[in-house]
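# Survey of secondary and tertiary structure
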Amino acid sequence: MGNADNPFAALLADSKANINKELIEDIFLFTLRPQTRERSKERALLCLADVIVNDSSPETGMGEELLSHAVFERIMLGNTREYLIPGLNEEDAIQTDTIVYLHRAYIACEEFKQQRSNLAADCDAIRTLIITNVSTCMRQPDLFPGRTVCEQWRDIINISEEYCTRETMDFLVECIAKIYIDEETLEALGALKANFYPLLGKVQTEISQANLVTLKKKIFWLLNFFVKEKRTPQMGEILIDFTTPNPNANGAAYMDTLIGQLFSISILPKNQNGPYEFFGDFTLDSRHTDPALWECMANHQNSLFMLIKQLLMQDANNKQKMLEWFAKCLHANVSRGHLWNNLNTGLDNLLKQNASDAFVIGLTSVLLRLCTPLCEPVLKVLLVDPTYCGVIEDERQKKSVSMLKAYEETCLLPVEENEKRLTADKFNFVTELFFLTHKAYELSYKASIERFIQMTRELHNMQSAYQDVINTDPNNDFAKNLLRMLKEQMQPYLCLCNCLMEPENDTAILKFFEASAIWLTEISLISAENYAGCVNRSDFAPHTRNNFELPEEIEFTPRTLCSVPESIIDNIVTYLNFSRHFPSGQYIQMYPSSHEAFFKMIILFMGSSKLVKNPHLRAKLAEALEFFLPKRATGAPFQTHIFDSHPERLKVIPSLLNVFVSIEMTGQSVQFEQKFKYRRPMYAIMEFLWTKEEYVQCFRNLAVEAESNMEAIEPPIFLRFINLLINDAIFLLDESLENLQQIRQLQEAQANGEWDNLTESERQQHHSNLHQLGNYARFDNILGRDTINLLKLLTTEIKSIFCHKSMVDRITSMLNYFLLNLVGPQKEKFKVKDKKEFEFDPANTVLEICHIYINLSSSDSFCLAVSQDGRSYSSQLFSYTENILIRIGGGQLIGEMAEFAGKVQKMENQYKQEQECLAEAPEEYLDPIMSTVMTDPVILPSSKVTVDRSTIARHLLSDQTDPFNRAPLTMDKVIPNETLKNEIQTWLAEKRAACSNENLIKS
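All figures in this text were calculated on a predicted structure; none of them were measured in a lab.

With that settled, consider helix α8 (residues 185–208). An α-helix turns once per 3.6 residues; consequently, residues spaced three or four apart project the same way. For α8, which comprises 24 residues, the first-to-last C-alpha distance of 33 Å matches the rise-based estimate of 34 Å (1.5 Å per residue) to within 8%. Along α8, the sharpest change in direction is near 35 degrees and occurs at Phe-196; proline Pro-198 comes one to four residues later. Considered for burial, the residues of α8 that qualify are Ala-188, Leu-189, Ala-191, Leu-192, Lys-193, Asn-195, Phe-196, Leu-199, Leu-200, Val-203, Gln-204 and Ile-207. In this fold, the buried residues of α8 make contact with α5 (120–139), α6 (149–160), α7 (165–182), α9 (218–227), α10 (233–242) and α12 (258–264).

Written as structure tokens, this is what we have:
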């Protein structure tokens, strides 16, 4: 073929300079010399003397124009073996894959250039010629023989793993640069995509067919060629574009991309519903964790992290594209955040629309590793701007906010009317990464933990049923079916459990949340002066760690908290609560350095509605505090010194009491069941702290302060606390007794055969009712027991406030009522089968109540109030109690209770005498609520009703409204009725004097 017939003549160089022929032969493995000679000890060559006319002397060099023509003719050959001069490495000489052939020539050229510096100019000319031809081949691949371009590049990349990695990267860089010189930018990128998309498609297919064990390492080596070289950001862009679904794609579509398939490689199945590949041979006695799988998962996710990290570092365009990929992916899967809380008929549809647990956990693991610089010791988290989620949609791109709908996040504080949230002018990469990672955790680990907890409950119920069956008849079909179902459900349970507990991810989560806790504390304790400086420069990141002490009261609230999502605290709480169930000595417990950051953050936010408006979230923080308690049920207890050594430790008591009260107060109330679930861990924490004298003293101090401010505008926190504690005890124990009575009735009906005449559906309904009542009774008994125990502890050291006139009637009526039901004639109504099943321990409750009586027995007002409880008290109450104490082993209390009973009887007699004197009191002297003579009458401002001060004070502890018209009311608004008070005092004095004279005459 002559130049006139060559469609690529324009590519041929015009230079007449000669290039060393031996160099050409060694690099391109062809010769134009017509002579034949023995080459058995030399490399193989193609003799192209008959293909290309060479007018120059065989012994002189070859001009660039002739060489260009010769190289073009060589790469167009399809039948290369016909021209072979045998020798070493014949496969290289006869290679028909154009790019593979030119890649080998490029490597050889680079080697010769390093070895023979006198030929450097010739090598440069040859290299330019090679790159020109590769560019042509990649832009018009159909003109050239051999395999597809993508197959050739795959071979080149795989070969480069063993040698010449640097040269191969240079080869790729120069090829891409040449394509961009020869074509416009868009056309050049299109040409590259046409070549590499098929390669990426085959890689994706291979990944989709592999699992955690079978995935080949060469996959990452190949993909790294797209991202490792900063000189070729176009390759990274190709990878991102290939793995990006259409703009309206749902969450599952991201899972079906190349990177999505890599994220989905896990211990869990790629698809939410399976198939499960691990723990299939599980037995009830087998180990529940597999460190080998953990190692595989960690290695895979580390490789994936390095791939994404290099992609982010390639250039600014690729970094932004990857951040947008993460943001759009998370937005498309946002319904996962509600998935496991809404197990309804739409579940299957949600599963199809959302990515799997495996995918989102894999994605989160990469983001967590990217967040390593944010954590200790570097703490770049201090560069995170808290106003990120305050940016509205119209300003999102201008301010570099990738996260979609961030403006709609529920934040720690609400935005006030007509308030515009403050935002920074622009947000850095660290800020983007921080908020994206928290969102990813919310949609992955948090949602999966909720599902794990649900699975744990279901398995526990199934295991209990299985044990019940095999204890009676282990060989029946029902037992076998239960065992089969148990094993079937254990496989997905163990896969999820092992995925959530993988140690390397757990460490990354811990460190990230430690950094988050530090950041939350720093941004919340900023001074008004420093905050003003932030506003002036539109930069709200802390920048430095100040380690502020926690204030007694929050005096300044930064409005930046209006842009901080609640989910950040919720994520930390979820993690701590989940970690609490790990075996002692594992995972988070190995890193006690983080405890101080978590502890400080919890105390700060738990007790302050100025920083966290949502009472549910503050109650969850109290639950998280339980993490630091010693574990009693797992062998050697986990030892934490946080309650002994943390400088802010004593603030935990007022903070706890504050959140205990706030979940009940007007405007912040929560449902009864939820309220008691929140308070359960608070009881456990306070019980533990009561073992330490400095915390007991803290309780004492709060009690003294409360007694000094009983009629303050805002009732003291300790007064409100014990009032609610009594409310809880009354509600829980009353509900428990009612449920137990119904359980007994159902059990008796079943035992008497009354169920035998019912239809199958009616029997099932009765079984369901019995099971539901049992759950209610168990819940009430556990919490009621904890509440009574806490009251017992408090009354051992704190007495006078319980005997105050605004409290004493409530606590005595409660104690009398429950004691009467547990020891009196009606106690048989609550006698149920298997009391342990319902956590019903009446003997212990009786002992606890007796201890409270004895703790407060030194108070005359308490003893009098016991005797004046008309509903439950009688002179026989403590006789019943003595009989029961003998039976339950409470003999050591009998003497003290007898002494207390005697004192109560004496106070009752004295009071009767006095009441006889005060009989026929004028109606206007009587409290309209309690029907007792008022001693300190006050007028309620809105209803104008007169009540006794102690009565309205007690009412306002739970409900700050006028009881007669529901108008808002506080103690400072009541109006003393001095005139009526003087009348009553005069009347009482006259009555008592008259009674005294009568008694003298009788005596």
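Here the narrative resumes.
Backbone hydrogen bonds hold the strands of a sheet together, and the pairing may be parallel or antiparallel. Pairing within the open sheet is mixed, and its three strands lie in the order β2-β3-β5. Looking at the sheet topology across the chains shown, the edges are occupied by β2 (30–31) and β5 (84–85). As paired elements, β2 and strand β3 (residues 45–47) share two bridges and run parallel to each other. Note that in β3 the partner of Thr-31 across the bridge is Cys-47.

Those residues carrying the UniProt feature "domain: U-box" (unreviewed entry) are residues 920–994 in this numbering. A helix fraction of 36% and a strand fraction of 11% characterise residues 920–994, whose end C-alpha atoms lie 14 Å from each other.

A separate point is helix α14 (residues 316–332). Compared with an ideal rise of 1.5 Å per residue, which puts 17 residues at 24 Å, α14 spans 24 Å between its outermost C-alpha atoms and is within 8% of the ideal. Of the residues making up α14, those classed as buried are Asn-318, Met-322, Leu-323, Trp-325, Phe-326, Ala-327, Cys-329 and Leu-330.

Here we take up the pattern of salt bridges. For the coordinates displayed, the defined rule picks out 51 salt bridges. Linking Asp-357 and Arg-451 is a salt bridge whose minimum nitrogen-to-oxygen distance equals 2.3 Å. With a gap of 94 residues between them, Asp-357 in helix α17 (residues 357–370) and Arg-451 in helix α18 (residues 429–472) connect regions that are remote in the sequence. Between Arg-700 and Glu-797 there is a salt bridge whose closest N-O contact spans 3.0 Å. Highlighted residues: Arg-700 in helix α28 (residues 693–708) and Glu-797 in helix α30 (residues 760–797), separated in sequence by 97 residues.

Right, let's get into the sheet that holds strand β8 (residues 975–976). With respect to topology, three strands assemble into an open sheet ordered β7-β6-β8, the strand pairing being antiparallel. Two strands in the sheet have a free side with no partner beyond their single neighbour: β7 (946–948) and β8. Note: strand β6 (residues 937–939) against β8, two bridges, orientation antiparallel. In the sheet register, Val-938 faces β8, and the bridge partner there is Pro-976. Against the sheet, helix α36 (residues 949–958) contacts β6, β7 and β8, and its axis sits at roughly 85 degrees relative to β7.

Once that is clear, we can look at the nonpolar core. Counting residues in hydrophobic clusters, the biggest one holds 298 residues, and the most contacted among them are Phe-28, Phe-30, Phe-718, Phe-721, Leu-794, Tyr-853 and Phe-878. Per-element tally for this core: the top contributor is helix α29 (residues 717–751), with 16 residues. With sequence-adjacent residues up to four places away left out, Leu-794 is seen in contact with Trp-690, Phe-699, Phe-718, Phe-721, Ile-722, Leu-725 and Phe-802. The next biggest cluster of nonpolar side chains, apart from the first, holds nine residues, and it includes Val-938, Val-947, Ala-953 and Leu-969.

In the structure shown here, the tally under the stated rule is 42 aromatic pairs. Taking the centre distance of 5.6 Å and the plane angle of 40 degrees together, the rings of Trp-153 and Phe-171 count as tilted. Here Trp-153 is found in helix α6, whereas its partner Phe-171 is found in helix α7, with 18 residues between them in sequence. As far as burial versus exposure is concerned, Trp-153 and Phe-171 are alike and both buried. On the numbers, 5.6 Å between centres and 85 degrees between planes, the contact of Phe-452 with Phe-578 is edge-to-face. Taken as a pair, Phe-452 in helix α18 and Phe-578 in helix α22 (residues 566–579) lie far apart in primary sequence, 126 residues in all. Exposure remark for Phe-578: the relative accessible area of 8% places this residue in the buried category. Pairwise contacts between aromatic rings join Tyr-388, Phe-427, Phe-434, Phe-435, Tyr-441, Tyr-445, Phe-512, Phe-513, Trp-519 and Tyr-575 into one cluster. Sitting over the ring of Tyr-101, Arg-74 keeps its end group 4.0 Å from the ring centre.

Here we take up a nonpolar patch on the surface. Taken together, the side chains of Ile-929, Met-930 and Phe-964 present a nonpolar region at the surface, about 250 Å² in accessible area. Tracing the backbone shows Ile-929 in the loop between α35 (891–917) and β6. Judged by relative accessible area, which is 41%, Ile-929 ranks as partly exposed.

Position of Val-430 relative to the elements: it lies in helix α18. Exposure remark for Val-430: the relative accessible area of 14% places this residue in the buried category. Between the C-alpha atoms of Val-430 and Ile-265, which are 165 residues apart in sequence, the distance is 27 Å. Residues in contact with Val-430, not counting those within four places in the same chain, are Leu-374, Lys-380 and Val-384.

Taken as a whole, the protein shows an average pLDDT of 86; of its residues, 90% reach a score of 70 or greater. By mean pLDDT, helix α16 (residues 347–353) is the weakest element of the protein at 65, and α17 is the strongest at 97.

Turning next to the environment of Ile-854. With respect to the helices and strands, Ile-854 occurs in helix α32 (residues 842–856). Taking relative accessible area as the criterion, Ile-854 reaches 15% and is therefore assigned buried. With sequence-adjacent residues up to four places away left out, Ile-854 is seen in contact with Leu-893, Glu-896 and Met-897.

What follows covers the packing of helix α4 (residues 98–115) against α7. How two helices sit against one another is set out by the angle between their axes and by the gap between those axes. Between α4 and α7, the least distance of the axes is 10 Å, while the angle of their chain directions is 120 degrees. The hand of the α4/α7 crossing is right-handed. Judged by residue contacts, Ile-99, Leu-102, His-103, Tyr-106, Ile-107 and Glu-110 of α4 engage Glu-167, Thr-168, Asp-170, Phe-171 and Glu-174 from α7. Among the residues forming the contact of α4 with α7, the class breakdown is five nonpolar, two polar and four charged.

Our next topic: the state of the cysteines. Summed over the entire model, instances satisfying the criterion amount to zero disulfides. Here Cys-375 stays free of any disulfide, with the sulfur of Cys-371 as its closest cysteine sulfur at 6.6 Å. Cysteine Cys-495 shares no disulfide, and the gap to the nearest cysteine sulfur, in Cys-499, comes to 8.9 Å. Of the residues examined, Cys-495 reaches a relative accessible area of 0% and is grouped as buried.

Conventions used here
- Residues numbered from 1 in each chain as written.
- Predicted model: local features only at pLDDT ≥ 70, side-chain atom pairs only at ≥ 80, totals over all residues.
- Heavy atoms only, no water.
- Helix = DSSP H or I, 4+ residues; strand = E, 2+ residues; numbered from the N terminus.
- Expected span 1.5 Å × (residues − 1).
- Bend = angle between axes of the 7 residues up to and from the residue.
- Buried < 20%, exposed > 50% of the residue type's maximum accessible area, 1.4 Å probe, protein only.
- Contact = heavy atoms within 4.5 Å.
- Pairing = 2+ DSSP bridges.
- UniProt positions renumbered as here; feature names shortened; annotations may be inferred.
- Salt bridge = Lys/Arg side-chain N within 4 Å of Asp/Glu carboxyl O.
- Axes fitted to C-alpha atoms, helices over the stretch in contact; angles between N-to-C directions.
- Core = buried A, V, L, I, M, F, W, Y, C linked by side-chain atoms within 4.5 Å.
- Phe/Tyr/Trp six-rings, centres within 6.5 Å; stacked < 30°, edge-to-face > 60°.
- Lys NZ or Arg CZ within 6 Å of the ring centre and 35° of its normal.
- Patch = residues over 30% accessible without salt bridge, like charges linked within 9 Å, V, L, I, M, F, W, Y side chains within 5 Å.
- Areas by Shrake-Rupley, 256 points an atom, 1.4 Å probe, with all protein chains shown as cover.
- pLDDT = per-residue confidence, 0-100.
- Left-handed = near helix turned anticlockwise from the far one by under 90°.
- Nonpolar A, V, L, I, M, F, W, Y, C, P; charged D, E, K, R; others polar.
- Disulfide = S-S within 2.5 Å.

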